[in-house]
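Chain by chain, the residues run as shown.
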Amino acid sequence: MTVFRALVSVLAVVHAAFVGLTAMVGAFANGGDVWQRFLLILLHPAAAAVVLLLVFRPQRSTKTILAMAALLAVTVMADLGLARMMAAGRVLGDWGLAAAFAVVPAIGIVYAWARLRFQARRTQ
C-alpha cells in the first residue's frame, strides 16, 4: 500500500497544480458553456482536493470515503462524456485534454477502494 500511496501522492499534487492553473485560466477564457465552466472551475478542483485528502489524510470513515469516491466517479463520467462529445465534433475543444482530466480521479477511485479494503482488514 505504501508504494501505491506514494505514487498517488505524486500524481495528486501534480494534478492539483494542473487543475488549479487550468481553473484560473478557464475562468477568464472565452468560450464554453455553463456546464463546461462548472466542470473546469468547480468540479475539477473539488476532485483534486478529494484525491489530496484521500492520500494525505487517509483515516476517514467508510461513508466519507464512499462519498469522496462518488464525487470522483461523477468527475470521471463528466470528463469522459465531454471528451466523447468533443471527439464527435458536437462540442469544440481538445478531447485528449478532457480525457486527461479523468485519469487521476479514476486512479483516486481505485485508491479509495484500496483504502476501504485496508481499513476493513485492520478492523477484523
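The preceding data block contains the structure.
Scope of this entry: the structure provided in the associated data block.

Procedures and definitions
Residues numbered from 1 in each chain as written. Predicted model: local features only at pLDDT ≥ 70, side-chain atom pairs only at ≥ 80, totals over all residues. Heavy atoms only, no water. Helix = DSSP H or I, 4+ residues; strand = E, 2+ residues; numbered from the N terminus. Expected span 1.5 Å × (residues − 1). Contact = heavy atoms within 4.5 Å. Core = buried A, V, L, I, M, F, W, Y, C linked by side-chain atoms within 4.5 Å. Buried < 20%, exposed > 50% of the residue type's maximum accessible area, 1.4 Å probe, protein only. Phe/Tyr/Trp six-rings, centres within 6.5 Å; stacked < 30°, edge-to-face > 60°. Axes fitted to C-alpha atoms, helices over the stretch in contact; angles between N-to-C directions. Left-handed = near helix turned anticlockwise from the far one by under 90°. Nonpolar A, V, L, I, M, F, W, Y, C, P; charged D, E, K, R; others polar.

On to helix H3 (residues 62–88). The terminal C-alpha atoms of H3, which comprises 27 residues, lie 39 Å apart, in line with the 39 Å expected from a rise of 1.5 Å per residue. Packing partners of the buried residues in H3 comprise helix H2 (34–56), helix H4 (95–100) and helix H5 (103–123). Immediately beyond the C-terminal end of H3, within one or two residues, lies glycine 89, with a positive phi of roughly 85°.

With that settled, the discussion passes to the nonpolar core. One finds Val51, Leu54 and Leu72 to be the most contacted residues of the largest nonpolar core, which totals 15 residues. At the level of secondary structure, the elements contributing two or more residues to this core comprise helix H1 (2–28), H2, H3 and H5. Of all the elements, H2 adds the most residues to this core, at five residues.

This part takes up the packing of aromatic side chains. On inspection of all chains with the given rule, the structure shows three aromatic pairs. Centroid distance phenylalanine 18 to phenylalanine 101: 5.1 Å. Interplanar angle 25°. Geometry classified as stacked. A residue pair is termed long-range when its members are at least 10 positions apart, and phenylalanine 18 in helix H1 and phenylalanine 101 in the loop between H4 and H5 qualify at 83 residues. Assessed through its relative accessible area of 35%, phenylalanine 18 is described here as partly exposed. With centroids separated by 6.1 Å and ring planes inclined at 80°, the aromatic side chains of tryptophan 35 and phenylalanine 38 adopt a geometry described as edge-to-face. Residue tryptophan 35 and its partner phenylalanine 38 are both found in helix H2; the two are separated by three residues, about one turn of the helix. Judged by its relative accessible area of 36%, phenylalanine 38 is partly exposed.

Our focus in this paragraph is H5. The terminal C-alpha atoms of H5 lie 31 Å apart, and with 21 residues this matches the ideal 30 Å at 1.5 Å per residue to within 8%. Buried residues of H5: Val104, Pro105, Gly108, Tyr111, Ala112, Ala114, Arg115, Leu116 and Gln119, and no others. Each element contacted by the buried residues of H5 is listed here: H1, H2 and H3.

Let's shift gears to the environment of leucine 7. Its place among the elements puts leucine 7 in helix H1. The spatial distance from the C-alpha of leucine 7 to the C-alpha of serine 61 is 23 Å, given a sequence separation of 54 residues.

With that settled, the discussion passes to the packing of H2 against H5. As a packed pair, H2 and H5 sit with axes 10 Å apart at the nearest point and diverge in direction by 35°. Handedness of the crossing formed by H2 with H5: left-handed. The segment H2 lies against H5, with Ala47, Val51, Leu54 and Val55 engaging Val104, Pro105, Gly108, Tyr111 and Ala112. Considering only residue class, the contact of H2 with H5 consists of eight nonpolar, one polar and no charged.

Here we come to the environment of alanine 98. In this structure, alanine 98 sits in helix H4. Its relative accessible area of 5% is what places alanine 98 among the buried residues. For the pair alanine 98 and alanine 27, spaced 71 residues apart in sequence, the C-alpha separation works out to 16 Å. Leaving out residues up to four positions away in the same chain, alanine 98 has contacts with Asp79, Leu82, Ala83 and Met86.

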